Amino acid sequence: GAYHLIDLIGPSKHLIFILADGFGMNFVEEMDNEAFTPTHLSTELQTVFPSTTSAALTTLFTAKWPGTHAVLGWFLYLPVIDAVTTILRFVRTSDGTNLSRLGVRPNHAFPQQSWMTRIQREPLSLLPENILPSTYSSYFTNGTRSESYKNLKHAMDKIIMRTKENEGPTLTYLYWPNIDSTCHELGTHHLTTTSTVTELDQELLRLSMRLPEDTKVVLTADHGLLDANETQTHWIEPGDELASCLSKAPSGDAREVYFATRDGQKSRFRDRFSTYFENRFVLLTVEEAVELALFGPEPLAPESMDRLGDMVAISLGADAIRYRHTHSKSNGLEKQYASHHSGLTPSEMRIPLIVL
């Protein structure tokens, strides 16, 4: 467990932690054996369920299971405003209204505190220009320093400079979203995706050659991805028969979807769901999901219970469910994605740990 990882990483004056969003084990396995990353693979890890950025990053910054920290999907129902939110963007999903304008405080959305202020090193978070500043970055940096970068080379140059100028001990956290965003748009096997993975590999090699002694680099991911074609992508419309059984819009993500059924509609919903989706998804009650410890081995936090609804659908493969939110045309939610994550397949759950 944790002690094994501590031993693997070992002591250092400068610790660099890189989170490559979407960089699943399948990318490492498909790279040339001689490439830098596969030759420095330390071990394989399993991410949390749901295998999605909001859940995995909040686990990273709180050291709590998703069932405890209550950030249980990309789309998260918040009872305080009785609406589904796109939680990392901190907006109401249906119309893009910022949650702070609706009276939602960050500590309500993210009930568990970030550990960033508690570490015995001088921390710096490096984040892409388009997500700094944001409510989520303010939440997890928790008052510690953060800087933006233009591209991966720029970020790596900042890291190199910092290790040379600082006495230490330091922690530099780099979040790089490009593999994930490219896969969503183009798929895991597109040439642009391959070149994005190669860019990471080459920049990692350059970084390793330029760093001073007594520096450790740790790279991992939040999840991997699995492609879904158009026939594997199933849309639920607000006006259709399935939605009429629900008391609110579905939440969660593409391969783990949370449903809240209206009073007396549960068995009708189950029937409709199995007719629609046959054997593509498993439909569990929240109690069954908890019994299986899907959200972690601890009891669900009250906030998690309030956010989940009563049913959980989990994809048995590549199939994905998308819900057409009211104003989804205007905020890009209707886009057909080539690849998704959040399910339990090996492609989504297996992530690498690279230690340099």
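One structure accompanies this document, and this report is about it. Within each chain, residue numbers correspond to sequence positions counted from 1 in written order. For a predicted model such as this one, the threshold for reporting local features is a pLDDT of at least 70, and the threshold for listing and counting side-chain atom pairs is 80 or more; totals across whole chains, interfaces and linings nevertheless cover every residue. Calculated side-chain values reflect all of the structure's heavy atoms, with hydrogen atoms and water omitted.

### Brief notes about the side chain of T144
Spelled out, the test is: The way it works is that DSSP assigns letters per residue, a run of H or I at least four long becomes a helix, a run of E at least two long becomes a strand, and they are numbered from the N terminus. Any residue under 20% of the maximum accessible area for its type is buried, any over 50% is exposed, and the rest in between are partly exposed; the area is computed with a 1.4 Å probe on protein chains only. Pairing of N or O atoms within 3.5 Å defines a polar contact, subject to two protein rules: one partner must be a possible hydrogen donor and the other a possible acceptor, and residues neighboring in sequence count only if both atoms are side-chain atoms. Contacts between residues were defined by any pair of non-hydrogen atoms, one from each residue, lying within 4.5 Å.
Counting through the fold element by element, T144 comes out in the loop between α7 (135–141) and β7 (145–149). Judged by its relative accessible area of 17%, T144 falls in the buried class. Here the side chain of T144 touches T141 through a polar contact of 2.5 Å, landing on its backbone oxygen. Beyond its immediate sequence surroundings of up to four residues, T144 is in contact with M116, T117 and P123.

### With respect to empty space enclosed by the protein
Applicable threshold: In this analysis a 1.4 Å probe is tested at points of a 1 Å grid over the protein atoms alone, and where it fits but cannot get out there is a cavity; an open set with protein on both sides within 12 Å along at least five of seven lines is a pocket; lining residues have an atom within 4 Å of a point. Grid points are joined across faces, edges and corners, and a volume is the space filled by probe spheres set on the points. Three classes are used, and their members are as follows: Ala, Val, Leu, Ile, Met, Phe, Trp, Tyr, Cys and Pro are nonpolar, Asp, Glu, Lys and Arg are charged, and the others, Gly among them, are polar.
Per the stated rule, a full pass over the model turns up one cavity of 30 Å³ or more. When its volume is computed, the largest cavity comes out at roughly 40 Å³. Elements represented by at least two residues in the lining of the largest cavity include exactly β13 (256–259) and α13 (302–308). Tallied by class, residues from the lining of the largest cavity come to six nonpolar, two polar and two charged.

### Topic: the pairing of strand β4 (residues 83–86)
Applicable threshold: Think of it this way: DSSP has to see at least two bridges between two strands before they count as a pair.
What you see with β4 is no split at all: A83 and T85 on one side and V84 and T86 on the other are buried throughout. The hairpin formed by strand β3 (residues 75–78) and β4 contains four residues between the paired strands, and D82 there has a positive phi angle of roughly 50°. As paired elements, β4 and strand β5 (residues 91–92) share two bridges and run antiparallel to each other. Paired with T85 across the two strands is R92, which belongs to β5. The antiparallel pairing of β4 with β5 creates a hairpin that spans four residues between the two strands, and F90 there sits at a positive phi of about 55°.

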